[in-house]
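For reference, the chains in residue letters:
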Amino acid sequence: MATCNRNLSDSCDNVTTTTTTTTTTCLTKCAPPTVSLNVLPDEILEFIFTYLPPYGDLEHCSLVCKRWQLIVKNLVRRSQLNLEKGLADFRLRWEIYSQQTAASLEANSPRLSTGAPLPIIAGRFAHSTVRLGNSMYVFGGGSSSDTTFNDLWRFDLTHMRWSRPLATGTYPSPKGSASMVAWRDKLVLFGGWRYPSLHPPYQPWCLFDELHYYDLVKDRWLARNSLPCPPPMAGHSATVHGNCMVVFGGYQIKDDINVNSNDTWVLDLQEQRWWQPIFVGNTRPAPRYGQIQVELDKHHLLIVGGCGGANRVYTDAWLLDMSRDAWSWKQLNVRNKHFGAVHMWCNPGCRVNNFLVVVGPSPKMPLDFQIMKQSRVPAVGGSALRFGGLGQAPAPPPPLYQQQHPLLRPGQRAPLPERRPGALLPDQQNRGNGRFGGAALPPQEQYLANRRAILDQNMQQAQQFMHNNNVNNNNNNYQPRSGRLSDLHSPPAALPAAAPAAAPAAPDGDADAAQRLQRNLALRCRDNEPLLPKRFDEHYEDPFRMAAFNVPGRSRSASRDHSERIRRMEEKMNAIRNSRRSAPAHVEPQKLRAPSPKRVRCNVQSLFVCDISSLLQRDANNEPGLDWVEYKNFGVLSGAPDRLILSSLIAGNGELILFGGVHKETLTDITHHVSNSIHFLSVPRDII
């Protein structure tokens, strides 16, 4: 018998009532009652909708009826207000979506299981990310093995799944640090850099000036080339204002010279035509790359931070006014700088209504991220423009006959090398092959000629050293660079009896000078030949890596009291060991004190919030500027991810989305530790 939930007053011919019990039963099965969500109050329905992804599912709920549409609309507005309030109060939480999370969701959702493994994007950094509708698109970036991607991935924010569109057309080159924006139903990709090819090895880096459109409807790449166009660049920033894309700054190559730029280029997205605006006055930001560019409205944009080269990290802010025919830059006042982000060139940022949000290292971390200048690498043949580092090219060394010899007195020059009639010195040979004299050689032959000139110069220095050593010192007491290890500890061999009397031994100062000269010569050869081994205390600097990825490690001799600290530590450990040995057996060791719960994790991402409401209101009485909000707990929130750089941050519906990045500590390793996890920053749900 099935229990019927009808009331006794309802008419039912199949109801029988027994006298022994008060149970009312139905002789036939009645249809189960239907429960409607419409009987719930609006507040309960809104709370239930908060557990749905704020993308496609909410859009479907808004199509049910007019009441649900108003509830969803109110929920979207309330979630946005809660996010802004959470940013001001630092009351947010981090949630992670990784490969393990995708596998657990697949196991718990049989209807979504297709039997095939879920596609997962590879870890990357310096990629390009944009959100359009309910999807997040990711292009390119650097990998964990010094290579770059040219693939396009789509992340469905509704169903939390990765997919790779099967695109056709002309694919972009593999690259990173390119700009990608969304315009209508298209993605616009421009610029970028690429790692050098491994075959053949030791190739320089490459910059691009490619412009590609990706049609989301047709899944097709379209290459667009027009003249005039910006030079090849990377690390620039771009925003869309109406039907125009404004590009600022970047690391560029102009006239075969690596420079940082502060130029502004505009792309007409409809006509696919580049042009440069006219500016009023000479006030403009300093040349930089890696800055944060934010769209304020159709005629205004904001530039914050950036890097201008070696040890020049900017924290200033600039406003670009595009409302008139002649554009103008204006520097803004930045208040409460001690609460702001310190490295705004390798950490991401985005705008959330009246706030600028930046994710970066904790402010308690030491500022040890220094940029190292790298020497320019000679160009090798190829169609694309090349570069060798983020620093400027060093000055050429003086000619051999103008260099100060280590064993000569100050002001006394080394003797000229032997010169035949009609022959040229090595530096004159190099100048004859340059752009200022003689016939220009092809890039491949020019590279080989430069290498031969360096080797010839080192051989001449070595011969000059051996000649001076044999004439002046005649001393062979310095250690050889080749031989068996046992020869280093064996006494010098005695002279034969029949040998003539040797010359008097040179003073110790001359022997030390000869040893220093030999070591310096060996180090100079190692600098010119990267394949030669380095000393154990020397850090290998790859001349073909960007300055952002060539961070040197700490030398063993960086601190003068390093040995003294080791000695004190050994004495302390010996004292502790002796005290434990002499302690009575019945004394229990002290328990370790639990760490304080207020201790802040320093190797995690922190949140920095800047108030830009004065820029949007444009009150004539108040000076426009930026106000950094005072952080709480040093900006470290619950569930904060590990410290990453060169990641991407975009704004979602009531949340922020952080993707990818590389761990700074692994930049000097052969294999980098890159991430493919997605971190969501949202407001905790309140229980009614």
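Preceding this section is the structure that the text describes.
A brief structural summary. All of these numbers come straight from a predicted model, not from anything done at the bench. (Residues numbered from 1 in each chain as written. Predicted model: local features only at pLDDT ≥ 70, side-chain atom pairs only at ≥ 80, totals over all residues. Heavy atoms only, no water.)

**Quick notes on the pattern of salt bridges**
One pass over the structure, following the stated rule, counts 11 salt bridges. Where Arg93 meets Glu95, a salt bridge forms, and the shortest distance between an N and an O atom there is 2.9 Å. Its relative accessible area of 25% is what places Arg93 among the partly exposed residues. A salt bridge links Asp627 to Arg335, with the nearest nitrogen and oxygen atoms 2.6 Å apart. Of this pair, Asp627 sits in strand S32 (residues 625–628) while Arg335 sits in strand S27 (residues 333–335); the two residues are 292 residues apart in sequence, bridging distant segments of the chain. (Salt bridge = Lys/Arg side-chain N within 4 Å of Asp/Glu carboxyl O. Buried < 20%, exposed > 50% of the residue type's maximum accessible area, 1.4 Å probe, protein only. Helix = DSSP H or I, 4+ residues; strand = E, 2+ residues; numbered from the N terminus.)

**Some details on the sheet that holds strand S25 (residues 313–321)**
Reading across from one edge, S22-S26-S25-S24-S23 is the order of the five strands in this open sheet, with mixed pairing throughout. Across the chains shown, the open sheet's two edge strands, defined by having one partner strand only, are strand S22 (278–279) and strand S23 (292–297). Bridging between S23 and strand S24 (residues 300–307) involves five bridges; their strand directions are antiparallel. Within S24, the position partnered with Asp297 by the bridge is His300. (Pairing = 2+ DSSP bridges.)

**With respect to the sheet that holds strand S20 (residues 264–268)**
Within a beta sheet, neighbouring strands are joined by backbone hydrogen bonds and run either parallel or antiparallel to one another. Spatially, S16-S17-S20-S21 is the arrangement adopted by the four strands of the open sheet, whose pairing is antiparallel. In the strand order of this sheet, the two ends are held by strand S16 (237–241) and strand S21 (273–275), each with one partner. Across this sheet, the average inter-strand angle for adjacent strands is 25 degrees, counted without regard to direction. Here S16 pairs with strand S17 (residues 244–248) via five bridges, running antiparallel. Bridge pairing in S17 places Thr239 opposite Val246. (Axes fitted to C-alpha atoms, helices over the stretch in contact; angles between N-to-C directions.)

**Here we look at the side chain of Glu84**
Within the element layout of this structure, Glu84 appears in helix H3 (residues 66–89). Among buried charged residues, Glu84 stands out as having no salt bridge; its nearest opposite-charge side chain is Arg351, 8.5 Å away. The residues touching Glu84, leaving out its near neighbours within four places in the chain, are Asn353, Asn354 and Phe355. (Lys, Arg positive; Asp, Glu negative; His and termini not counted. Contact = heavy atoms within 4.5 Å.)

**As for the nonpolar core**
If you look at the biggest cluster of nonpolar residues, it comprises 43 residues, and the most contacted ones within it are Leu87, Leu302, Leu607, Leu626 and Trp628. Residue contributions to this core peak at five residues, all from strand S29 (residues 355–361). Excluding residues within four positions of it along the chain, Leu626 makes contact with Leu302, Val304, Ala317, Leu332, Asn333, Val334, Arg335, Cys610, Asp611, Ile612 and Leu615. (Core = buried A, V, L, I, M, F, W, Y, C linked by side-chain atoms within 4.5 Å.)

**Structural notes on the packing of helix H1 (residues 42–49) against H3**
The description of two packed helices rests on the angle between their axes and on the distance between the axes. Following both chains from N to C, one finds H1 and H3 inclined at 60 degrees, their axes separated by 10 Å at the closest point. The pairing of H1 with H3 is recorded here as oblique in orientation. You can see that H1 and H3 cross each other, and the crossing is right-handed. Every residue of H3 that contacts H1 at Asp42, Leu45, Glu46 and Phe49 is listed here: Arg67, Trp68, Ile71, Val72, Asn74, Leu75 and Arg78. Grouping the amino acids of the contact of H1 with H3 by side-chain chemistry returns six nonpolar, one polar and four charged. (Parallel < 35°, antiparallel > 145°, perpendicular 65-115°, else oblique. Left-handed = near helix turned anticlockwise from the far one by under 90°. Nonpolar A, V, L, I, M, F, W, Y, C, P; charged D, E, K, R; others polar.)

**Here's the deal with a nonpolar patch on the surface**
A contiguous nonpolar patch, built from Met569, Met573 and Ile576 and spanning about 260 Å² of accessible area, is present on the exposed surface. Checked against the element boundaries, Met573 lands in helix H8 (residues 562–582). (Patch = residues over 30% accessible without salt bridge, like charges linked within 9 Å, V, L, I, M, F, W, Y side chains within 5 Å. Areas by Shrake-Rupley, 256 points an atom, 1.4 Å probe, with all protein chains shown as cover.)

**Some points on the pairing of S16**
Taking burial as the measure, the five residues of S16 include five buried ones, the bulk of the element. By the alternation rule, side chains of S16 split into Ser237, Thr239 and His241 and Ala238 and Val240, which are all buried. Counting the residues in the hairpin turn of S16 and S17 gives two residues, including Gly242, whose phi is positive at 70 degrees.

**Digging into the pairing of strand S18 (residues 251–254)**
Taken together, the two bridges between strand S15 (residues 233–234) and S18 define a ladder with antiparallel strand orientation. The residue of S18 that forms the bridge with Met233 is Gln252. Judged from the four bridges that link them, S18 and strand S19 (residues 257–260) form a sheet pairing that is antiparallel. When the sheet's bridge partners are listed, Gln252 is paired in S19 with Val259. Between the end of S18 and the start of S19, which pair antiparallel, lie two residues, with Asp255 showing a positive phi angle near 55 degrees.

Read these as geometric descriptors, not functional statements.
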